[in-house]
Amino acid sequence: MNLQKTFTRPLRLARGHVIVGCALFALLASSLTLVGRGLPPPRFVLDRVTQGGLTPIGEYSWRKASDWLVGRKYAVLTFDDGPYGHGVDEQILGVLHRHHAHAIFFLVCNHINDTTSHLLGVYEHEGHIIGNHSFDHLRLSELSDGALRDQVEGCSRRIASLTGHRPFYFRPPFGMTSAHVKHFAEMSGMQQMLWDANSQDSWQTRPEQIRFWSNRDTDNLSILLMHDKPTTAAVLDQTLNDLEQRGFQFVLPEQLPPDTVTD
Ligand SMILES: [Zn+2]
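- Per an unreviewed UniProt entry, the protein goes by Polysaccharide deacetylase family protein and derives from Dyella flava.

A closer look at the packing of helix α3 (residues 88-98) against helix α8 (residues 230-245)
- α8 packs onto α3 with a crossing angle of 5° between their chain directions and a minimal axis gap of 9 Å. Relative to α8, α3 is oriented roughly parallel. Contacts between α3 and α8 involve V88, Q91, I92, V95, L96 and R98 from the former and P230, A233, A234, L236, D237 and L240 from the latter.
- Grouping the amino acids of the contact of α3 with α8 by side-chain chemistry returns nine nonpolar, one polar and two charged.

Side note on the state of the cysteines
- Within the structure shown, the criterion is met by one disulfide.
- Two residues, C109 and C155, share a disulfide whose sulfurs are 2.1 Å apart. Torsion about the S-S bond of the C109 and C155 cystine: about 75°, corresponding to right-handed handedness. Linking C109 in the loop between β4 (103-107) and α4 (118-125) with C155 in helix α5 (residues 145-163), this pair joins segments that are 46 residues apart in sequence.

Quick look at the pairing of β4
- Burial within β4 is extensive, with five of its five residues counted as buried.
- Where burial is concerned, the two faces of β4 agree: the one with A103, F105 and L107 and the one with I104 and F106 are both buried.
- Here strand β3 (residues 73-82) runs beside β4; their pairing, made up of five bridges, is parallel. In the strand pairing of β4, L77 is matched with A103.
- The parallel pair β3 and β4 is bridged by α3, and the resulting crossover is right-handed.
- Across four bridges, the pairing between β4 and strand β5 (residues 129-132) is parallel. For I104, the partnering residue across the bridge sits in β5 and is I129.
- In this fold, the crossover linking β4 to β5 by way of α4 has right-handed handedness.

Some thoughts on the coordination of the zinc ion
- Protein-derived ligands of the zinc ion are D81 (OD), H133 (NE2) and H137 (NE2), with the metal-ligand distances lying across 2.0 to 2.1 Å.
- In the primary sequence, the donor residues of the zinc ion line up as D-x51-H-x3-H.
- Overall, the relative accessible area of 2% leaves H133 in the buried class.

Some words on the nonpolar core
- With 29 residues, the main nonpolar core has L77, F79, L96 and F105 as its most contacted residues.
- Listed by contribution, the elements that provide at least two residues to this core are β3, α3, β4, α4, α5, β9 (222-227), α8 and β10 (248-250).
- With five residues, α3 is the single largest residue contributor to this core.
- Filtering out sequence-adjacent residues up to four positions away, L96 remains in contact with L77, F79, A101, A103, F105, H128, L236 and L240.
- In terms of nonpolar packing, the next biggest core, distinct from the first, is built from eleven residues, F106, I129, M193 and L252 among them.

Rules used throughout
- Residues numbered from 1 in each chain as written.
- Predicted model: local features only at pLDDT ≥ 70, side-chain atom pairs only at ≥ 80, totals over all residues.
- Heavy atoms only, no water.
- Axes fitted to C-alpha atoms, helices over the stretch in contact; angles between N-to-C directions.
- Helix = DSSP H or I, 4+ residues; strand = E, 2+ residues; numbered from the N terminus.
- Parallel < 35°, antiparallel > 145°, perpendicular 65-115°, else oblique.
- Contact = heavy atoms within 4.5 Å.
- Nonpolar A, V, L, I, M, F, W, Y, C, P; charged D, E, K, R; others polar.
- Disulfide = S-S within 2.5 Å.
- Buried < 20%, exposed > 50% of the residue type's maximum accessible area, 1.4 Å probe, protein only.
- Pairing = 2+ DSSP bridges.
- Right-handed = clockwise from strand over helix to strand, strands pointing away.
- Donors = N, O, S within 2.8 Å, 3.2 Å for Na, K, Ca; no water.
- Core = buried A, V, L, I, M, F, W, Y, C linked by side-chain atoms within 4.5 Å.

Written as structure tokens, this is what we have:
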């Protein structure tokens, strides 16, 4: 019996299958890569029926494959404690505009005054979202129900009086919350949003450190905490450049996949 003939023929066939398989995979991968580079970020909508759940529009699996192949990542930019005034808000808006980025601005309502109230219209005109960050930036979990209502509901009413509609996202000051505070915000028609990446700009005074922490902390689908203040504004352009070079696109929560945790 010719052992060599018996065993080499199946081996040749298997090798052929492997080569054809590799070629098909390479073709599929390059096609997905080419298609993926030309596509805009995925679109998702808030599904009010499921109380704030996010529902994808279109073919999410196909998008996920192309994102993986081209290394595309997503992050939500959030700016707390504004409006700041003195041109800082406009500086941040200008950088976001240049990067085609949209963000959520969690406003402290006692910062809205005669010189800053016009900014709410600007935020919305430029496609950003206005969120509720309470009226006076207090530790909400330590307040009585009456004081909590003034802080949460009072700020929503103030924002609605200027924009014509109530905010949907709520962020407790200092990220200090409780089941009661969260429930209270939900009863006011809002979804609580914390963060999972921190620029450390609430205490860092050196812009380079804010840039460093923003990049170090931000991962795919991160919600990045920043603040509406001069040091952040000074380094925002470079920070966004760094993130873009790592493949990030800046999106709003409506554009995130349905399984993203925003709380
Ligand atoms: Zn704050």
